[in-house]
Amino acid sequence: MRTARLRTVHPVQWAGWAALAAGAVLCVLGWYGVSGERFAERQLPYLASCTVPGAALIVAGAVLLAHGRDTLAAARVAELYGLLVAAEPESPAEPATAPLAISGDLLMVPGGTLWHRADCPLVAGKVEAVPVDRKLVASGELGACPICEPAEETD
């Protein structure tokens, strides 16, 4: 949800658009004046009084517009951060201390690198999960699952 403050155009953006428009008008006037003169010495006043300041205003307007967008983006980020902070619960939730899986049967997925308890959420309901080969566990080819933390049982 946006506020009305964010929908309005900031003064920096208005100044940027005004500078762009004034620069474009000056460039067109300078071009028109230069195009009507045959000799270079008569074209220089148009270049000095219209075209060069017009180009400078165009550059200044582009800089102001870029700065205005950054300001608008910063205001939006600040508003979103305020909403996020307001949405946080007042007391932090206590971490769950109960294990996710408690089964004693160990499973693995063929081609996988971890072994799991049978009720681990990562292998629960997977038809392709097979019982763990104790030789793979003993050789160190399979690691323990960090989710269900099975106890290492070797022969």
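Before reading further, recall that the structure is shown in the block above.
Values in this document were obtained by computation on a predicted structure and should not be read as measured data. (Residues numbered from 1 in each chain as written. Predicted model: local features only at pLDDT ≥ 70, side-chain atom pairs only at ≥ 80, totals over all residues. Heavy atoms only, no water.)

Enquirer: How should I be thinking about the overall build of the protein chain in this particular structure?
Expert: A count of helical and extended segments in the protein chain gives four helices and four strands. Each helix and strand of the protein chain, placed in order from N terminus to C terminus, yields the pattern α-α-α-β-β-β-α-β. Here the protein chain holds 155 residues, and 22% of them are scored as buried. Excluding contacts between residues fewer than 6 apart, the proportion of contacts in the protein chain whose partners are at least 24 apart in sequence is 59%. A total accessible area of about 11100 Å² is found for the protein chain, and carbon and sulfur atoms account for 65% of it. (Helix = DSSP H or I, 4+ residues; strand = E, 2+ residues; numbered from the N terminus. Buried < 20%, exposed > 50% of the residue type's maximum accessible area, 1.4 Å probe, protein only. Contact = heavy atoms within 4.5 Å. Areas by Shrake-Rupley, 256 points an atom, 1.4 Å probe, with all protein chains shown as cover.)

Enquirer: In this structure, what is going on with the pattern of salt bridges? I would like to understand it.
Expert: According to the stated counting rule, one finds one salt bridge in the structure shown. The salt bridge involving Arg-42 is made with Glu-37; its shortest N-O contact spans 3.5 Å. (Salt bridge = Lys/Arg side-chain N within 4 Å of Asp/Glu carboxyl O.)

Enquirer: It is not clear to me how the pairing of strand E2 (residues 114–117) should be interpreted in this structure. Could you clarify?
Expert: In regular strands, side chains alternate between the two faces of the sheet. The pairing of strand E1 (residues 106–108) with E2 spans three bridges and is antiparallel. When the sheet's bridge partners are listed, Met-108 is paired in E2 with Trp-115. Hairpin connection, E1 to E2: the antiparallel pair is bridged by five residues, and Gly-111 has positive phi, about 90 degrees. Direction of pairing for E2 relative to strand E4 (residues 143–144): parallel, over a ladder of two bridges. Looking at E4, one finds that Leu-114 is bridged to Gly-143. (Pairing = 2+ DSSP bridges.)

All we've got here are geometric facts, nothing functional implied.
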